[in-house]
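As a plain string of letters, each chain reads:
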Amino acid sequence: MIPGTGQVPPPAGAGPDVPPAGVGSGAPAAGVGPGAPADRVGWAARAGELWRAARGVVPPGHLDAAGCNVPSDRVLDAVVAHLRLERERGGYAAVPDLTPARSALAGLVGGGPADVAFLESGTAAMAALLGGWRLPPGSRVGHARTEYGGTLMLLHRLAAQRGWQPVELPVDGDARLDLEGLRALLAARLDLVIVSHVASHRGVVQPAAEIGALCRAAGVPFVLDVCQSLGQVEVRGAGASAYVGTSRKWLAGPRGVGFLIAPGLTPAMDAAVPTLGGHQWTTEDDGPVPQPGAARYESAEYDGPVPLPGVVRYESSEAAVAARVGLGVAVLEHHELGPFAVHAHLADLGRTARGVLDGAGGWRVVEPLDEPSALVTLRPPPGDSAQSAAVRAAEASLLVSVVPTARAPLDLREPVLRVSPPPGTPVETLHALARALAR
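On a predicted model such as this, the values are computed, not experimentally measured, just so you know.

## Looking at the overall build of the protein chain
Point 1. Along the backbone of the protein chain there are 12 helices and 13 strands.
Point 2. Within the protein chain, buried positions represent 55% of all 439 residues.
Point 3. Pairs at least 24 residues apart make up 70% of the contacts formed inside the protein chain by residues separated by at least 6 positions.
Point 4. Element-wise, carbon and sulfur atoms account for 57% of the exposed surface of the protein chain, whose accessible area totals about 17700 Å².

The structure is reproduced here in structure tokens:
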């Protein structure tokens, strides 16, 4: 029995279990939610306690959930059990049914299991999505200056190859998207909008629901990067055409797994590279494959392999399947705790962290102190640096991240220190970091 949840772990060797009653709807675990205990602070804190109780080991001083979070005992057991099953049966004979995992993951954004494709990382998911998107030359692709460096690299390469035009979306003083500015650019013509819900280097939560509404009203596809938001803040209601995300951060799944959720799949969307698992040679018949030089091969009507229906076109069939099983278990656990309880708890943690750390040793928090996220970034005072502070933190057995300027080349002028407490982090750990910053 998982402490405090009333849920029974899956049997050894099984894939992710069928979601218990309420899973997928955000229903909380037993003992978590308004009224149990009645006050908001109490039930949010209870989610943090249960999250910690599900882990026999948490690295001391771990403040890097935004980099790589700590999987639960149940996730670890599921990964190991599936690896054992592959050894005992053979990998192809041990392929699990990941439908419950897909359902649980899709439920966090308002999609269905058929909308989910597993890949190796969030970066791989973004590359698969944008790399095969058939936008014509001259297409205008909107992004904010806070966009992730890897996505900017990809976008600028595709723009150079295909004649796309990147368009910077306006933001306010907190780097939050200016909705009226977006409205004006949509009216002037955008063909695609890409937004990171929460940036890797700044804990500001973008108004995804409002952005989605504006894009839908203008008939413009909207891609939401949820690598730093899914599991931390509410994503449902964004109404994006596609979401890209990762396992290892706020969902606390294994490394090496990412995902693409595409409820708004269109004929223009295809994977960058065709695969036998996601494509077929022709839609006309089962005849021989056209050969180079053949009339049909050279015909303008022949477009090569065509995608199968749904997002299977994006999914890599060869993968670390045990890690996908682990992600499925992690997402089910998140549902069992109650996403809204976890979100509230993390927002409280983030506010507490900013209050404790802002001003310590002259360091200043970048985002608003009451921002409802647990991703906290700090700018150094003169004479100090993020790298030096991370060394002092490590000497105090505290794990934090240094975010280099390459992570957000249009927004960062110097590296920042990132602090991202996982659920259940003791306040004393934050005070210990404040002391390290002040040294």
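## Notes on the nonpolar core
Point 1. Core analysis: the largest hydrophobic core is formed by 46 residues, its most contacted members being Val 193 and Leu 224.
Point 2. Broken down by element, the residue count for this core peaks at 7 residues, all from helix H9 (residues 321-337).
Point 3. In this structure Leu 224 touches Val 195, His 197, Ala 208, Val 235, Ala 238, Ala 240, Ala 242, Tyr 243 and Val 244, once residues within four positions along its chain are discounted.
Point 4. Membership of the second largest hydrophobic core comes to 26 residues, among which are Ala 117, Leu 158, Val 311 and Tyr 314.

## Topic: the pattern of salt bridges
Point 1. Throughout the structure, instances matching the rule amount to 18 salt bridges.
Point 2. A salt bridge links Arg 364 to Asp 358; the shortest N-O distance between them is 3.0 Å.
Point 3. Given the relative accessible area of 47%, Arg 364 is considered partly exposed.
Point 4. The class of Asp 358 is partly exposed, set by a relative accessible area of 21%.

## Description of helix H5 (residues 149-162)
Point 1. If you check H5, its first and last C-alpha atoms are 20 Å apart, about what 14 residues at 1.5 Å a residue would give, namely 20 Å.
Point 2. Within H5, the full set of buried residues consists of Gly 149, Thr 151, Leu 152, Leu 154, Leu 155, Leu 158 and Ala 159.
Point 3. Against helix H4 (122-131), strand E2 (140-144), strand E3 (165-169), strand E4 (192-196) and strand E5 (222-225) lie the buried residues of H5.
Point 4. Gly 163, located one to two residues past H5, shows a positive phi value of around 80 degrees.

## Things to note about the packing of aromatic side chains
Point 1. Under the definition given, this model contains 1 aromatic pair.
Point 2. Seen in terms of ring centroids, Trp 43 and Phe 340 are 5.5 Å apart; in terms of plane orientation they differ by 70 degrees. Their pairing is edge-to-face. One end of the pair, Trp 43, is in helix H1 (residues 40-53); the other, Phe 340, is in helix H10 (residues 339-357), with 297 residues separating them in the sequence.
Point 3. With relative accessibility at 9%, the residue Trp 43 sits in the buried group.
Point 4. Note on Phe 340: relative accessible area 30%, which makes it partly exposed.

## Notes on the pairing of strand E1 (residues 116-119)
The two faces of the sheet receive side chains in turn, since in a regular strand these alternate between them.
Point 1. Side chains Val 116 and Phe 118 project from E1 onto one buried face, and the interleaved Ala 117 and Leu 119 project onto a second face that is buried too.
Point 2. Pairing of E1 with strand E7 (residues 258-261), which is carried by 4 bridges, proceeds in the antiparallel orientation. Note that in E7 the partner of Ala 117 across the bridge is Leu 260.

## Topic: the sheet that holds strand E12 (residues 401-403)
Point 1. Read across the open sheet, the 4 strands follow the order E10-E11-E13-E12; overall the sheet is antiparallel. Only two strands of the sheet have a single neighbouring strand rather than two, namely strand E10 (364-365) and E12.
Point 2. Across 3 bridges, the pairing between E12 and strand E13 (residues 416-419) is antiparallel. In the sheet register, Val 403 faces E13, and the bridge partner there is Val 416.
Point 3. Sheet contacts for helix H11 (residues 386-395): E12 and E13; angle to E13, the most-contacted strand, approximately 40 degrees.

## Description of the sheet that holds E2
Point 1. The strand order E1-E7-E6-E5-E4-E2-E3 describes an open sheet built from 7 strands, whose pairing is mixed. Since the sheet does not close on itself, it has two edges, and those belong to E1 and E3, each with one partner. For this sheet the average axis-to-axis angle between neighbouring strands, irrespective of direction, equals 20 degrees.
Point 2. The pairing of E4 with E5 spans 4 bridges and is classified as parallel. Residue pairing across strands places Ile 194 opposite Val 223, the latter belonging to E5.

## Section: the packing of helix H6 (residues 179-188) against helix H7 (residues 208-218)
Point 1. Running from N to C, H6 and H7 point in directions that differ by 15 degrees, and their axes come no closer than 10 Å. When the axes of H6 and H7 are compared, the pair comes out roughly parallel. Seen from above, H6 lies across H7 with right-handed handedness. The segment H6 lies against H7, with Leu 179, Leu 182, Arg 183 and Leu 186 engaging Glu 210, Ile 211, Leu 214, Cys 215 and Ala 218.
Point 2. A breakdown of the residues in the contact of H6 with H7 according to their chemical character gives 7 nonpolar, no polar and 2 charged.

## Here's the deal with the packing of H10 against helix H12 (residues 427-438)
Point 1. Packing of H10 against H12 leaves a shortest axis separation of 9 Å and a crossing angle of 30 degrees. Relative to H12, the element H10 lies roughly parallel. H12 is crossed by H10, and the crossing has right-handed handedness. Seen from H10, the contacting residues are Thr 352, Ala 353, Val 356 and Leu 357; seen from H12, they are Val 427, Leu 430, His 431, Leu 433, Ala 434 and Leu 437.
Point 2. Looking at the contact of H10 with H12, its residues break down into 8 nonpolar, 2 polar and no charged.

## A word on the environment of Val 233
Point 1. With respect to the helices, strands and loops of the structure, Val 233 is situated in the loop between E5 and strand E6 (242-246).
Point 2. For Val 233 and Pro 372, which are 139 residues apart along the polypeptide, the C-alpha to C-alpha distance reads 7.8 Å.
Point 3. In this view, Val 233 contacts His 197, Val 198, Val 205, His 343 and Pro 372; residues no more than four positions away in its chain are not counted.

## Details of H4
Point 1. Burial analysis of H4 places 7 of its 10 residues in the buried class, which makes it a mostly covered element.
Point 2. Here H4 has its buried residues at Gly 122, Ala 125, Met 126, Ala 128, Leu 129, Leu 130 and Gly 131.
Point 3. The elements touched by buried residues of H4 are E1, H5, E4, E5, E6 and E7.
Point 4. Residue Ser 121 occupies the N-cap position of H4, its side-chain oxygen lying 3.4 Å from the main-chain nitrogen of Thr 123.

Calculation rules
- Residues numbered from 1 in each chain as written.
- Predicted model: local features only at pLDDT ≥ 70, side-chain atom pairs only at ≥ 80, totals over all residues.
- Heavy atoms only, no water.
- Helix = DSSP H or I, 4+ residues; strand = E, 2+ residues; numbered from the N terminus.
- Buried < 20%, exposed > 50% of the residue type's maximum accessible area, 1.4 Å probe, protein only.
- Contact = heavy atoms within 4.5 Å.
- Areas by Shrake-Rupley, 256 points an atom, 1.4 Å probe, with all protein chains shown as cover.
- Core = buried A, V, L, I, M, F, W, Y, C linked by side-chain atoms within 4.5 Å.
- Salt bridge = Lys/Arg side-chain N within 4 Å of Asp/Glu carboxyl O.
- Expected span 1.5 Å × (residues − 1).
- Phe/Tyr/Trp six-rings, centres within 6.5 Å; stacked < 30°, edge-to-face > 60°.
- Pairing = 2+ DSSP bridges.
- Axes fitted to C-alpha atoms, helices over the stretch in contact; angles between N-to-C directions.
- Parallel < 35°, antiparallel > 145°, perpendicular 65-115°, else oblique.
- Left-handed = near helix turned anticlockwise from the far one by under 90°.
- Nonpolar A, V, L, I, M, F, W, Y, C, P; charged D, E, K, R; others polar.
- Polar contact = N/O pair within 3.5 Å; in protein donor to acceptor, adjacent residues only side chain to side chain.

These values are about where atoms sit, not about what they do.
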